[in-house]
Amino acid sequence: MLDRRMSHDDLIDHLVRSTPLGRGEAGRVVLDVLAYFDETTEEFVRRRHRELQSGGLTNADIFERITAELPYRAVTPPELSLRQLRRIVYG
């Protein structure tokens, strides 16, 4: 984790200059954002399914929303069918 932090010093410096964040806070933000975008497609689908399900949505609505969100990920995954999405969630 230290190596990753060191490789993003320029970004951390920019955040410190352009926001009210301190250096430690800016470093944590950078690491949180990187962790978010390191999430695999499968991890994203499972996480979003849990989040949306806990919000009371039905599976039909959940899978429709996940399908709509996937193209906006940092690296767009291949298009997944409803069956593929269900297989990711339920195995």
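Everything below is about the structure shown above.
Attention here is on the structure that accompanies the text.

### Points about the packing of aromatic side chains
Scanning all chains against the criterion turns up one aromatic pair. Over the face of the ring belonging to tyrosine 36 we find arginine 73, whose NZ or CZ atom lies 4.8 Å from the ring centre.

### Some thoughts on the packing of helix α5 (residues 59-69) against helix α6 (residues 82-90)
It is at 11 Å that the axes of α5 and α6 come closest, and there the two elements cross at 105 degrees. The angle between α5 and α6 falls in the class roughly perpendicular. In contact with Asn59, Phe63, Ile66 and Thr67 of α5, α6 contributes Leu82, Leu85, Arg86, Val89 and Tyr90. Looking at side-chain class alone, the contact of α5 with α6 contains six nonpolar, two polar and one charged residues.

What counts as what
- Residues numbered from 1 in each chain as written.
- Predicted model: local features only at pLDDT ≥ 70, side-chain atom pairs only at ≥ 80, totals over all residues.
- Heavy atoms only, no water.
- Phe/Tyr/Trp six-rings, centres within 6.5 Å; stacked < 30°, edge-to-face > 60°.
- Lys NZ or Arg CZ within 6 Å of the ring centre and 35° of its normal.
- Axes fitted to C-alpha atoms, helices over the stretch in contact; angles between N-to-C directions.
- Helix = DSSP H or I, 4+ residues; strand = E, 2+ residues; numbered from the N terminus.
- Parallel < 35°, antiparallel > 145°, perpendicular 65-115°, else oblique.
- Contact = heavy atoms within 4.5 Å.
- Nonpolar A, V, L, I, M, F, W, Y, C, P; charged D, E, K, R; others polar.

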